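# Architecture and fold: a report
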Amino acid sequence: MNITIKNEVDIEYMRKAGKLAAEVLDYITPFVTVGVTTNELDKLCYDYIVNVQQAYPAPLNYKPDPNVSAYPKSICTSVNHEICHGIPNDKPLKNGDIVNVDITVYKDLYHGDTSRMFFVGEVSPHAKRLCQITYECMWLGINQVKPGNYLGDIGYAIETYAHKNGYSVVQEFCGHGIGKVFHENPQVLHYGKPKTGVQLEKGMVFTIEPMINQGKRFVKFMPNGWTAVTKDRSLSAQWEHTILVTEDSYEILTVSSGMPPKPSFIA
Ligand code: MF3
Ligand code: CO
Ligand code: CO
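Report follows, based on the coordinates.

Parameters at a glance
Residues numbered from 1 in each chain as written. Chains lettered and ligands numbered in written order. Predicted model: local features only at pLDDT ≥ 70, side-chain atom pairs only at ≥ 80, totals over all residues. Heavy atoms only, no water. Near = heavy atom within 4 Å. Polar contact = N/O pair within 3.5 Å; in protein donor to acceptor, adjacent residues only side chain to side chain. Areas by Shrake-Rupley, 256 points an atom, 1.4 Å probe, with all protein chains shown as cover. Nonpolar A, V, L, I, M, F, W, Y, C, P; charged D, E, K, R; others polar. Donors = N, O, S within 2.8 Å, 3.2 Å for Na, K, Ca; no water. Tetrahedral: all angles 85-135°; square planar, octahedral: opposite > 155°, others 65-115°. Helix = DSSP H or I, 4+ residues; strand = E, 2+ residues; numbered from the N terminus. Buried < 20%, exposed > 50% of the residue type's maximum accessible area, 1.4 Å probe, protein only.

## Focus: the site of ligand 1
By nearness alone, 14 residues border ligand 1, and Pro59, His176, His183, Glu209 and Glu240 come closest of all. Histidine 183 is positioned with one of its side-chain polar atoms (N or O) 2.7 Å from an oxygen atom of ligand 1. With the chains in place, 97% of the 330 Å² that ligand 1 exposes on its own is no longer accessible. Looking at the shell around ligand 1 residue by residue, the classes come out as 6 nonpolar, 4 polar and 4 charged.

## Remarks on the coordination of the cobalt ion (ligand 2)
At 2.0 to 2.2 Å from the cobalt ion (ligand 2) lie its protein donor atoms, namely Asp113 (OD), His176 (NE2), Glu209 (OE) and Glu240 (OE). Coordination at the cobalt ion (ligand 2) is irregular, judged from the 6 donor atoms that bind it and the angles of 51 to 162° they form at the metal. Considered as a linear motif, the donors of the cobalt ion (ligand 2) on their single chain read D-x62-H-x32-E-x30-E. For the pair the cobalt ion (ligand 2) and the cobalt ion (ligand 3), the metal-to-metal distance amounts to 3.3 Å, and aspartate 113 bridges them. Of the two residues, aspartate 113 is situated in strand β5 (residues 110-119) and histidine 176 in strand β7 (residues 175-177); the sequence distance between them amounts to 63 residues. Per residue, the accessibility class of aspartate 113 equals that of histidine 176, and both read buried.

By themselves, these are just geometric observations and shouldn't be taken as functional.
And the structure:
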């Protein structure tokens, strides 16, 4: 498997792309309210990325392989039982919805990829708990990132914590290497066994983006060919950061002033 190792110049550009992606999430936050449509959010993000950031929304027309249709929008908006790749539409968000907004920005030949969960109006305690535990899953995965550790350590940390809390881990999608290419090696599974898989090295950059379901892990695809939903229609949540492996630990590349703080139990 060829995994690109980023040099100092690459990393400088990836910090910029990552920051822009996170800043789109900051920008869109106040708009994620009862009654807004995900198409309106898509348009706002497109305009911000293109006109303010002078960058490009990487999902727009993205076509990872010849058998799938090009992705038609600039962002992904996955509501309630949608796991990922929700395509923005004209349906207004309603009180109690949980929605993942996933932003990938392409700037100066490099990508930055990050997503957060948003609450629409008053959200039920069980939905809030799912979002919180999923956030902690992402951070427990991130906490495993350092040279010498294995991708399996990341997956194991995420899976163990999800199961301990009564949730399941989606297996059909994973984190991914990222750089000049949107999705590159390695695949970063959100489940696994300690000390298995690829060993981490300084200069690797990849995403960690666990999708955690309240019910069973199984996935169904919508007729649009993109959107994955939970087969049992239970709620699903996801958070994503782009991470650099450093000399002795990690650096989050998708940072912004509005990003939520890491959980207090992470060192
Ligand atoms: N941003 C998603 C990820 O985390 C990928 C979206 S691809 C799209 O990997 F085409 F659906 F936008
Ligand atoms: Co990603
Ligand atoms: Co993403």
